[in-house]
Amino acid sequence: MHNRVEQVKNAGIRQFFRNSRSFVLGAGIGSGMTARAAERAGADFVLALNAGRFRAMGGSSPASILPIRNSNEFVAGFGRTEILPSTKLPVFFGACTFDPSLDLDRFLDRIIRWGFTGVTNFPSVIHIDDFRRSLLEKSGLGYEREIELLIKARQRGLMTIAYTRSQTEARRMVEAGIEAICINFNLNRSVESGSDPSISQSELAARTSAVTRVAHSTDKNVICLLGGGPITKPDELLDICRETGVQGFIGGSSLDRVPLEMSVLEVTSGFKTIHLLREKVDLLERQLQLSGFRHGIIAQSSVMKRVLEAAKRLAANPNPVLVWGEAGSGKRRIANLVHSFSDRKHTKAALFQCRAGAAADTVGALFGAERDETRKRQLSLLEAANGTAVLLLHLDQLPRDGQDRLADYLETGGFTSLNGVSVVRSNARIIATATVARGASLQTVLCPRLLALFAGLDIALPALPDRLEDLPQLVQHFTVEAKGDSNAPTLGIENSAFLALAGHDWPGNLRELRQIVNQLVTLQLSHITADVLRPLLTASSAVKRTNVFSEREWIIEGLKRNKLHRGKTAQSLGLSRKTLYNKIKKLRILE
């Protein structure tokens, strides 16, 4: 363990974050049980904080700033005996500088001997009211002492994260050389009392953006994290991150007390009043129906809920709709859903798959063709579908002439057939799908006129790695499909296997996941482990690589996806480092 700690220390905090996922998660905790759970769930580091211990004892986060314990002895007690032995993750010591008798140098030396990886200034004077904080500042026990603590810690090779609240505090910490800050405006709200947070989501986003801008204007490489506050759910964090660009989140109550309290509350009340539990199940079933589950669409993730909202909104008018995304992402199902929500749902939509081929077989089938020496007049699908909708699949494969003709139809409601001169009119509604490679835009597959006509009328489907919250239900859904039994039990997937699923790149998206589940079902195992799953994922990726990319393109795409990090690229492609290096050299990549 000490070797691991030393390696992390020597790498420095910036290198640590570069080697982690693009968005990092820290857990501010107070018990070994929570440390183990946080590591298994995928946290990147933990902070041993007195607030976390008070929460575990049934208290609240604000107790962390009250003089009811010797904070540093308190944290050292449970940090050394519970948290350090329970996790292999980097552990930060939440150090309090309010004690005037505290010798910072000796104290930091003890932290190093104990085996902690880093230090953070928690509890901090930023959480104390202005009057009492001013007294501490006058006594030399304020924010400058916290800065001094972190400077000395960094000089000793410890990683440091600075809690900040204002733009001024952020600037002072960054100017002092601290490489990571945690923007934290208030201690976590009380859930059991149902009280409103002292800072709203919109205010949190605005103030976080302001602090982040100041920090990056001082040092563009500084790591900006968001700390707790009123955030208790992933959806809330997602909205804030979109607006502020923070690189990670440190959760306290949202990771330990809130889930525990809500779990105990729900389970206990369920046993006590079974009819209330039944009502809750009925409500969840109604919500699933409203969210598209009855149409075979899983949408528990926020990004897929927005897709369903867009489908319902766009279905309400006769305008054309374009559903686009990667191969296997479920575009056809969403296109059908748009028709199901429309006022034409009682009519059967016509289906047309665009394929490369002779103009008479592609463009002619859709727009019709006049009689010539070799064939009779061909009726257009648009004429036949008058009064209903045309599900136009793989619009990206429609030839340029066909795309131009479709643009004419969308603009005027009329079109001309192949070899024809007269304009034919139809009110068939176009609901199209287009396949776009990962990282590419619609401009790579559609002509400019169609792009302009579909602007604001398109639905972008996320790739499976961008909707991992849906994975458990998707696995169950495909299990039911594979077994042909609506009451089929869920596959027993262990945590390690589920992490392997979540970490897979999924080049084939839902189609690939369905194939994996079909294979797992045939194994008839009671528990699926990572050792069982990894060969299937590796073989699946190899097939996708052969079908979609050349070997060179496959490796280049993997390097881009992993920001040129060769170790991560090798792992995601199922190669050894040596094999990847040899292929990069042989294929003259990065030269």
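Residues numbered from 1 in each chain as written. Predicted model: local features only at pLDDT ≥ 70, side-chain atom pairs only at ≥ 80, totals over all residues. Heavy atoms only, no water.

(A) Structural detail: the overall build of the protein chain. Within the protein chain, the secondary structure is distributed over 26 helices and 15 strands. When burial is assessed residue by residue, the protein chain has 48% of its 591 residues classed as buried. In the protein chain, the proportion of contacts linking residues at least 24 apart, taken out of those at least 6 apart, comes to 70%. (Helix = DSSP H or I, 4+ residues; strand = E, 2+ residues; numbered from the N terminus. Buried < 20%, exposed > 50% of the residue type's maximum accessible area, 1.4 Å probe, protein only. Contact = heavy atoms within 4.5 Å.)

(B) Broad picture of the sheet that holds strand β4 (residues 118-120). Spatial strand order, β1-β2-β3-β4-β5-β6-β7-β8: eight strands in a closed barrel with parallel pairing. Mean inter-strand twist for the sheet, computed between neighbouring axes without regard to direction, equals 25°. Sheet topology places strand β6 (residues 180-183) next to strand β7 (residues 223-227); four bridges connect them, and they run parallel. Following the sheet pairing, Ala180 is matched in β7 by Ile223. (Pairing = 2+ DSSP bridges. Axes fitted to C-alpha atoms, helices over the stretch in contact; angles between N-to-C directions.)

(C) Main features of the pattern of salt bridges. Scanning the model with the defined rule gives 19 salt bridges in all. With a closest N to O distance of 2.8 Å, Arg53 and Glu82 form a salt bridge. Taken as a pair, Arg53 in helix α4 (residues 50-56) and Glu82 in helix α5 (residues 71-86) lie far apart in primary sequence, 29 residues in all. The exposure class of Glu82 is partly exposed, given its relative accessible area of 24%. Two residues, Arg106 and Asp103, come together in a salt bridge whose shortest N-O distance is 4.0 Å. Judged by its relative accessible area of 63%, Arg106 is exposed. (Salt bridge = Lys/Arg side-chain N within 4 Å of Asp/Glu carboxyl O.)

(D) Structural detail: the sheet that holds strand β10 (residues 350-353). A sheet is described by the order of its strands in space; here five strands give the open sequence β10-β11-β14-β9-β15, paired in parallel fashion. Strand pairing shows two members of the sheet lacking a second neighbour, β10 and β15 (458-460), which therefore form its edges. When strand polarity is set aside, the average angle formed by the axes of neighbouring strands in this sheet is 15°. Packing against the sheet, helix α14 (residues 302-315) makes contact with β9 (321-325), β14 (429-435) and β15, and its axis sits at approximately 170° to β15.

(E) Expanded view of the pairing of strand β1 (residues 24-29). Of all six residues in β1, five are buried; the element is thus mostly enclosed. Note: β1 against strand β8 (residues 248-251), four bridges, orientation parallel. Bridging across to β8, Ala27 finds its partner in Gly251. Where β1 lies against strand β2 (residues 45-48), four bridges are found, and the strand directions are parallel. Residue Ile29 lies in a different strand from β2, and its bridge partner there is Ala48.

(F) The arrangement of helix α8 (residues 143-155) in detail. Compared with an ideal rise of 1.5 Å per residue, which puts 13 residues at 18 Å, α8 spans 19 Å between its outermost C-alpha atoms and is within 8% of the ideal. Burial in α8 covers these residues: Tyr143, Arg145, Glu146, Ile147, Leu149, Leu150, Lys152 and Ala153. Buried residues along α8 sit in contact with α6 (104-114), β4, α7 (130-138), β5 (159-164) and α9 (167-175). Just downstream of α8 lies Gly157, where phi reads positive at about 90°. (Expected span 1.5 Å × (residues − 1).)

(G) Geometry of helix α22 (residues 509-523). The end-to-end C-alpha distance of α22, which contains 15 residues, comes to 22 Å, matching closely the 21 Å that a straight helix rising 1.5 Å per residue would cover. Of all the residues in α22, the buried ones are Asn509, Leu510, Glu512, Leu513, Ile516, Val517, Leu520 and Val521.

(H) Examining the packing of helix α3 (residues 32-41) against α5 more closely. The geometry of α3 relative to α5 is characterised by a closest axis approach of 8 Å and an angle of 20° between their N-to-C directions. The angle between α3 and α5 falls in the class roughly parallel. You can see that α3 and α5 cross each other, and the crossing is right-handed. Residues Gly32, Ala35, Arg36 and Glu39 of α3 touch α5, and the partners they reach there are Glu82, Ile83 and Ser86. Broken down by class, the residue content of the contact of α3 with α5 amounts to two nonpolar, two polar and three charged. (Parallel < 35°, antiparallel > 145°, perpendicular 65-115°, else oblique. Left-handed = near helix turned anticlockwise from the far one by under 90°. Nonpolar A, V, L, I, M, F, W, Y, C, P; charged D, E, K, R; others polar.)

(I) Quick look at the packing of aromatic side chains. For the structure shown, the criterion picks out 10 aromatic pairs. Aromatic side chains Phe74 and Phe78 sit 5.6 Å apart centroid to centroid with 80° between the ring planes, which places their arrangement in the edge-to-face category. Linking Phe74 with Phe78, this pair stays in helix α5, spanning four residues, or about one helical turn. Of the two residues, Phe74 and Phe78, both sit in the buried class. With a centroid separation of 5.5 Å and 80° between ring planes, the pair formed by Phe93 and Phe107 is classed as edge-to-face. Taken together, the residues Phe93 in strand β3 (residues 91-94) and Phe107 in helix α6 connect sequence positions 14 residues apart. Both residues of the pair, Phe93 and Phe107, count as buried. The rings of Phe93, Phe107, Trp114 and Phe116 are connected pair by pair, giving a single aromatic cluster. (Phe/Tyr/Trp six-rings, centres within 6.5 Å; stacked < 30°, edge-to-face > 60°.)

(J) Representation of the side chain of Thr388 in the model. Relative to the helices and strands, Thr388 resides in the loop between α17 (381-384) and β11 (389-393). Residue classification places Thr388 among the buried residues on the basis of a relative accessible area of 8%. Thr388 has contacts with His339, Arg344, Thr347, Lys348, Ala349, Asn427, Ala428 and Arg429, leaving out every residue within four places of it along the chain.

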